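Working through the structure, step by step
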Amino acid sequence: MDEGGSRLRRRVSVRKRDRPSPGKPRQEQEEEEEPGAGGRRRRTAEAQPLQSNDSEEDMFGDYDSFAENSFLAQVDDVERQYMQVFERGKLAAGLSTDGLRGDGGAPAAGGFAASETDAPARNRRRREDASAQLGILDDVPSSQGFYFEDLGISPADGGNPCTGERAWASSLETLNEELPQNSVEQHQQPDDSSSEVRSGSEENRRKSLKEHLKSAMTGNARAQTPVFSRTKQLKETLLSEEISVAKKTMESSSDDLGPFYSLPSKVRDLYVQFKGIEKLYEWQHTCLTLNSVQERKNLIYSLPTSGGKTLVAEILMLQELLCRRRDVLMILPYVAIVQEKISGLSSFGIELGFFVEEYAGSKGKFPPIKRREKKSLYIATIEKGHSLVNSLIETGRIGSLGLVVVDELHMIGEGSRGAILEMTLAKILYTSKTTQIIGMSATLSNVEDLQEFLQAECYTSQFRPVELKEYLKIKEAIYEVDNKAENGMTFSRLLNCQYSDTLKKMDPDHLVALVTEVIPNYSCLVFCPTKKNCENVAEMICKFLSKEYLKHREKEKHELIKNLKSISGGNVCPILKRTIPFGVAYHHSGLTSDERRLLEEAYSAGALCLFTCTSTLAAGVNLPARRVILRAPYVAKEFLKRSQYEQMIGRAGRAGIDSVGESVLILQEKDKQQVSELISRPLENCYSHLVQEFTKGIQTLFLSLIGLKIATNLDDICHFMGGTLFGVQQKILLKEKSLREITVEWLRYLTEKGLLQKDVVDKPKDESFHITKLGRASFKGTIDLAYCDILYRDLKKGLEGLVLESLLHLIYLTTPYDMASHCVPDWMIYFRQFSQLSPAEQNVAALLGVSENFIGKKASGQAIKKKVDKDIVNRLYLSFVLYTLLKETNIWSVSEKFNMPRGYIQSLLAGAASFSSCVLHFCEELEEFWVYRALLVELTKKLTYCVKAELIPLMEVTGVLEGRAKQLYNAGYKSLIHLANANPEALIRTVDHLSRRQAKQIVSSAKMLLHEKAEALQEEVEELLRPPSDFPSVEASSTEKA
Ligand SMILES: Nc1ncnc2c1ncn2[C@@H]1O[C@H](COP(=O)(O)OP(=O)(O)OP(=O)(O)O)[C@@H](O)[C@H]1O
Ligand SMILES: [Mg+2]
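Each chain has its residues counted from 1, following the order in which its sequence is written. To read the labels, note that chains go from A and ligands from 1, taken in the order they are written. Totals for whole chains, interfaces and linings use every residue, but because this is a predicted model, local features are given only for residues with pLDDT of at least 70 and side-chain atom pairs only at 80 or more, for both listing and counting. Note that water and hydrogens are dropped before the side-chain values are worked out from all heavy atoms of the structure.

1. A word on the overall build of the protein chain
- Per the secondary structure count, the protein chain includes 52 helices and 19 strands.
- Burial classification: accessible surface area is computed with a 1.4 Å probe over protein chains only, and a residue below 20% of its type maximum counts as buried, one above 50% as exposed, and the rest as partly exposed. In the protein chain, buried positions account for 61% of the 1042 residues.
- For the protein chain, contacts bridging at least 24 residues in sequence account for 73% of all contacts bridging at least 6.
- Here, Shrake-Rupley sampling with a 1.4 Å probe gives the accessible areas, and only protein chains in the shown set may cover a residue. In the structure as shown, the protein chain presents an accessible area of about 41600 Å², 51% of it carried by carbon and sulfur atoms. Secondary structure counts use DSSP, requiring at least four H or I residues in a row for a helix and at least two E residues in a row for a strand, with both numbered from the N terminus. We call two residues contacting when some pair of their heavy atoms lies within 4.5 Å.

2. Quick word on the packing of helix H43 (residues 870–888) against helix H45 (residues 902–924)
- At a minimum axis separation of 11 Å, H43 and H45 run at an interaxial angle of 100°. The orientation of H43 with respect to H45, classified from their angle, is roughly perpendicular. Facing Arg 875, Leu 878, Val 881, Leu 882 and Leu 885 of H43, the residues of H45 in contact are Tyr 904, Ile 905, Leu 908, Leu 909, Ala 912 and Phe 915.
- Residue classes in the contact of H43 with H45 are distributed as ten nonpolar, no polar and one charged. Axes, fitted as lines to C-alpha atoms, cover a helix only where it is in contact. Angles between the N-to-C directions of the axes lie from 0 to 180 degrees. Working definition: roughly parallel below 35 degrees, roughly antiparallel above 145 degrees, roughly perpendicular at 65 to 115 degrees, and oblique for all remaining angles. Ten residues, namely Ala, Val, Leu, Ile, Met, Phe, Trp, Tyr, Cys and Pro, are considered nonpolar, four, namely Asp, Glu, Lys and Arg, are considered charged, and the remaining ones, Gly among them, are considered polar.

3. Topic: the pairing of strand S2 (residues 327–332)
- With respect to burial, S2 is a largely interior element, six of its six residues being buried.
- Of the two faces of S2, the one lined by Asp 327, Leu 329 and Ile 331 and the one lined by Val 328, Met 330 and Leu 332 are each fully buried.
- We treat two strands as partners when DSSP finds at least two bridges between them. Where S2 and strand S5 (residues 401–406) come together, five bridges link them in parallel fashion. Opposite Met 330, over in S5, you have Val 405 as the bridge partner.

4. A short note on the sheet that holds strand S14 (residues 627–630)
- Taken together, the eight strands give an open sheet; going across it, the order is S10-S9-S8-S17-S14-S11-S13-S12, and neighbouring strands pair in mixed fashion. Each edge of the open sheet carries a strand with a single partner, namely strand S10 (489–494) and strand S12 (584–587). Recorded for the sheet is a direction-independent mean angle of 25° between the axes of neighbouring strands.
- Here strand S11 (residues 524–527) runs beside S14; their pairing, made up of four bridges, is parallel. The partner of Cys 524 across the bridge, within S14, is Arg 627.

5. With respect to the site of ligand 1
- Close to ligand 1 lie 15 residues, the nearest being Lys 279, Ser 306, Gly 308, Lys 309 and Thr 310.
- Within the contact set of ligand 1, a nitrogen atom lies 2.8 Å away from a backbone nitrogen or oxygen of Lys 279.
- Distance and chemistry together define a polar contact, namely a pair of N or O atoms within 3.5 Å, with one atom able to donate a hydrogen and the other to accept it when in protein, and with adjacent residues in sequence counting only for side-chain atoms on both sides. Between ligand 1 and the protein, one listed contact pairs an oxygen atom with a backbone N or O atom of Ser 306 at 2.8 Å.
- Notes on ligand 1: free accessible area 640 Å², of which the protein chains cover 78%.
- By residue class, the composition of the shell around ligand 1 is five nonpolar, six polar and four charged. To be near a molecule or strand, a residue needs just one of its heavy atoms within 4 Å of it.

6. With respect to the confidence of the model for the protein chain
- Residues of the protein chain with pLDDT of at least 70 account for 74%, and the chain-wide mean is 77.
- pLDDT: the predictor's confidence for each residue, scored from 0 to 100. Residue range residues 212–232 is modelled with pLDDT below 50. Its contacts to residues more than four positions away, or to other chains, number 27 contacts.

7. Points about the packing of aromatic side chains
- Classification of ring pairs uses Phe, Tyr and Trp, with its six-membered ring standing for Trp, and accepts pairs whose centres are within 6.5 Å; under 30 degrees between planes counts as stacked, over 60 as edge-to-face, and the remaining range as tilted. In total, this model carries 23 aromatic pairs according to the counting rule given.
- Summarising the aromatic geometry, the rings of Tyr 634 and Phe 639 are spaced 5.4 Å apart at their centres and angled 85° between planes, so their arrangement reads as edge-to-face.
- On the basis of relative accessible area, Tyr 634 is assigned to the partly exposed category, the value being 23%.
- Judged by relative accessible area, which is 16%, Phe 639 ranks as buried.
- Aromatic side chains Trp 827 and Tyr 830 sit 5.6 Å apart centroid to centroid with 15° between the ring planes, which places their arrangement in the stacked category. Highlighted residues: Trp 827 and Tyr 830, both in helix H40 (residues 827–835), separated by three residues, approximately one helical turn.
- By the criterion adopted, a ring carries a charge over it if an Arg CZ or a Lys NZ lies within 6 Å of its centre and within 35 degrees of its normal. Directly above the aromatic system of Phe 355 lies the positively charged group of Lys 374, at a separation of 5.9 Å from the ring centroid.

8. Considerations on the sheet that holds S5
- If you walk across this open sheet you meet the seven strands as S3-S4-S2-S5-S6-S1-S7, and the pairing is parallel. At either margin of the open sheet sits one strand with a lone partner, and together these are strand S3 (355–359) and strand S7 (456–460). Strand after strand, the sheet turns through a mean of 15° between neighbouring axes, direction not considered.
- Packing against the sheet, helix H19 (residues 415–431) makes contact with strand S1 (298–302), S2, S5 and strand S6 (436–441), and its axis sits at approximately 155° to S5.

9. Here's the deal with the nonpolar core
- Residue types Ala, Val, Leu, Ile, Met, Phe, Trp, Tyr and Cys, when buried and joined through side-chain atoms within 4.5 Å, form a set referred to as a nonpolar core. In this structure, Leu 425 and Phe 702 are the most contacted members of the largest nonpolar core, which totals 132 residues.
- With residues up to four places along the chain from it excluded, the contact list for Phe 702 reads Ile 717, Met 721, Thr 743, Trp 746, Leu 747 and Leu 750.
- Core analysis: the second largest hydrophobic core is formed by 78 residues, Leu 472, Val 515, Ile 580 and Val 635 among them.

10. Description of a nonpolar patch on the surface
- Where nonpolar side chains cluster on the molecular surface, the patch consists of Leu 799, Trp 930 and Val 931 and spans about 290 Å² of accessible area.
- Tracing the backbone through its elements, the reader meets Trp 930 in helix H46 (residues 930–944).
- For Trp 930, a relative accessible area of 55% gives the class exposed. A residue counts toward a patch only above 30% relative accessible area and without a salt bridge, and it is joined to like-charged neighbours within 9 Å or, for Val, Leu, Ile, Met, Phe, Trp and Tyr, to nonpolar neighbours within 5 Å. Between Lys or Arg on one side and Asp or Glu on the other, a salt bridge is scored when a side-chain nitrogen of the former is within 4 Å of a carboxyl oxygen of the latter.

11. Re the side chain of Glu 357
- Inspection of the secondary structure assignment puts Glu 357 in strand S3.
- Here Ser 376 takes part through its side chain, which lies 2.6 Å from a polar atom of the side chain of Glu 357.
- In contact with Glu 357, other than residues within four places in its own chain, are Ile 342, Arg 371, Ser 376, Leu 377, Tyr 378, Ile 379 and Glu 1012.

12. Points about the environment of Trp 746
- By secondary structure assignment, the location of Trp 746 is in helix H35 (residues 739–752).
- Using a relative accessible area of 0% as the deciding quantity, one classes Trp 746 as buried.
- On a C-alpha basis, the gap between Trp 746 and Gln 699 in space is 7.0 Å, while along the polypeptide they are 47 residues apart.

Here it is, written out as C-alpha cells:
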C-alpha cells in the first residue's frame, strides 16, 4: 500500500507543497501529524504548522475524529427502551387512549405540560385512533392535514406550527410521578383524563398497551382487504402531500415577508426573548430577501466577524423546517460549538415544533430516525455531517434534506477536515438536486472558486455592528493600523506604563499595563503562542495586579473555585486557584471539558474578566471581549496567517455590549516587516485538500463513491471529480497530470490494496468497480485507510490468542493508532506501571512483543540492540493509561500517575471510545471477526461512559457533563424525565452555581431529547403495527392460484 502511495505522490504535482506520502516510514510521518487532542487530524504544513509537543496548536480534541457511532447509540437505545417498558406502556397507553394531542390552548409551564379536555381534541383523538387502527396513520405523512384542520386554518395562513408540540407535551405529562417535589408543582393540571392515566396501576398501563396492540392488529387485519385500495390511498396521500408542499413553497417564495420572513411572528418574539435581537440589521434583511435566496439557489455569504451571519442562516433553516417541511443539516467546526448551538436552538425547537438532533462526539444515529411529522434540524461536526450524508445516500433518503448550512466555510481549505467537508458537499451536489447549500464565513478570499464548486450565488458586505480598531504595539508605542499610511500604520499614543525594575523584567511586553486599561469592568483576551505560555502569562499578570481586583465580584469567583472543586472530585488546578481570585484564567486543551465549560460561563457572566488562551479559542467558542491582545505574531513557532489574525482580532467588540472593540498585536522590532506585510496582505486563498489528503481524502472518497454506488465506473467517477472543488481548481493544483489520470491511478492503487475490485467488462472503457469486503469494512468503520491493513493484522493476530482475563488486550486493540504514534512515553512511569501488572496482564505485553527488560533498559537509559516496534510500544503505553482510567474512573489521579494533562487524557478516552465503535463496525463486515462483536459492544460502552452508570442518562443531555450530572443527581434529578420536567427556577435553587441561562438550556435540551425518544418509541410502535409493504395481495395470490 505504502509504496503505491509514494509513487503517486511523486507523480502528482500539487501546487502548494508536497504532502507526506503514505509510503513514508511511519516515524517520518509522525512529525507531520498533529499530536494529541482527540485525533486523527493530519497537520498540513501550511494550515497548521509544525509544533513541538508543548506548543501544539490545541483544538480541544473536540472535532470528531471517528465519524460513526451509530451502533453504540442504537445499542443504548434498544437497551433503554427495554428498561423503559414502564414508560413505553404509558406512552402507548397515551397513544391508544389519551394524551397524544394537545388542545391547542396555551401551553402550561413554558409550553411543556398541557392538558386536553375539550371535545375537538377528543374527536381528533378518535379520528387518529381510528386511522391508526386502520393502518392509515402511517400512510399519511402529511399529518399536518389534521393539524391544520384542527386549527381551523389553512396551511397557507402561516399557522403556528408549534401546536404539535403540545402533543408530546401532554403525552409526557403522565411521566411526572417520580419527580422531585419542587419540579412537579408547576405541571400539575386539574385534568381528569390525565389524572386518570396517572392513577392507573402499572399493570393497567401494560394492559392498555397490550390492548392497544391487539386492537390495532385486529384493525390491520381488517384493513388488509382490499390491499390495492390501501396502495391507492398511499399514492393519493403522497400526491396530495407533494401538492401541498409545492403550494406552500410557491406561497412562501412569493410572499417573502410573511409575518416574519414567511415564518410565524412567534419566531420574531422568540428572537427577542431568547437572544435579545429586536430588529434585523439592514444587510440581514437584504440578504434574506435576495432573489437568489427566494429561488432557493445555493448561496455563499461573507461578512466580517461578528457581522451577524448566524441569524440569516437560522431564519433560512426555520423556513426550511417549518414552511417547506424538510430536514436541515447544519455543519459546524467543533463539538463545543455544536453543543452551544444545540443548547441555543432547543428552545426554538420546542416552541416551534421541530427536533434538534446532535451529531457530535459519540452522539447521533446513522441513518437518522425517520420522524413521523416534525422535521429535524441535525447539528453536526464536519465528520459526523459526512457520515450522516453517507447514511442518507445509502438509504435513499438524501432528498429529505432540504437545506445544508456550513458555517466557517473557509475550513474547506484546511487539511483532512477540509477534504471531508468538500466530499460531503460534492456528494450532496451530485446526489440531490433539491438540497440547497448555504455557506458562510468571515475569511474567504477566492470565493469565485467556491461559488463555481457549489454552483452558488454570492453575497458580501463589510458590515460590522461594533467598530473594530486594530493596533500594533512596538516597545511602548501604540500604532493604529491604517491602510492609507505608507507602512500601514500611524502612531497613536505612548503606553502609560511606569514599571518597577522587577516588573520590567517580568513583563517586558507591558501586558499588565495593556490589560489593566480594560479589566475588570471590561473583558479581555490574551492570545498566547503556546499552552504553557498561557499558564505563565496568567500567573505573571496576577502577580502584579493590585489587591483591588480581588474584590471585584469576589463572591462569584469564590463560588467558581468551589464549583471547580466539586466537579473535579475535590481537585483544583493550583494555577487556576491562584489566578481566579483576580478574575483571570488560562483556557486551552489541557483543561477538562467540565472545567472549560465552567470557566467559559464565568467569563460570559463577567465574573472572570481575562482569559489567556491559545488561537483555538478564536474559532472554538463564542467568547468576545472588549480588547483582544495578541501576545506575539506567532502560533507556536509559525508566523501568523492573515486568516488566523482576522479570526483572533475578530473576537473584539461584543454587539450590544461594547461600543468599540480593540485589538493589540504585540511585536518586536525584528518582526516589524513581516507584520507590516501581514496587515496589508489579503486573506489566503482556500485550496482543495481532497487529493493531498491521501487516506482521508481521495482514497476515502473513492471507496465511498463505489461503496454507496454513487459512481462505480471510471467515467462517472471522473465526472464526479470534475464537480469537486479540486475539479474546479485542477488547473492550479495539478501541474503534470489530468484529473482522469489521477483518478485512474488512485483507483488502481485501491484495487491493488484489496479494497476495490474491478468488474469483468467487455470493453476497457466501461471499466467499473465494486467494493471488496475489506473495503466495505473500512468504509463502514470509517477507518483511516492509512491504518486499515494494520488493524486487520492486529485483529487477526488477536484471534490466535486474545487474553481475556482483563480488559487490557481489548483496550490495546481499540487504542487509536494516530494518538499512539504521537505519544512519547515517560519510561520511568512505563516501567513502574509495567511492574505492577498481574502475570496475565504482563502476558498481553509479551504477546505483543514488549518485554519488561526492554522497558527497564529504556527507563535506565541503556542502549538497546534488539529492534522493537516503536508503534506497538507506544500504543501499549496509552493502553495502560486507558486501562488505569477504566479501573479508577478518576482523570485527576490518572493524570498525576502518568504525568499527562487531564484534558489530554479526556481526549484519549473519547478517541478510544470512538475508535472502539469504528473497530466494531469494521468487524461487523468481516465474518472472520465475529467473535469480537459482542466484546466490542461492551468495551465501547465502558469507554464512552467512563462514569458511574447512574449518571449516564443525565449526561445524554447536551451540556451536562460529569460534574454537573453528579450535582443534578444528588439534587434528586435522576433521569432524563426528571430533567425534562424540571422547573429551571427550582433547579437554580437546588443546584449550586447554576445560572438561570444554564438551567433553562438544560431543561430545554432535556425536553428536546425526551421528545425525540418518545417520538422514536411511537414510531417503533407504528412500525410494528404496519403491514409489510411486500404483503401478498389478495388479487395476486388468487391469480397465482388460478
Ligand atoms: N440584528 C441583530 N441585532 C442585534 N444583535 C445581533 C443581530 N444579529 C446578530 N446579533 C448578535 O451579534 C453577535 C454576533 O453575531 P454572529 O455570531 O452571528 O456573528 P458572525 O457573523 O457569525 O461572526 P463570526 O464570523 O465571528 O462567527 C451575536 O451575539 C448575535 O446575537
Ligand atoms: Mg459565526
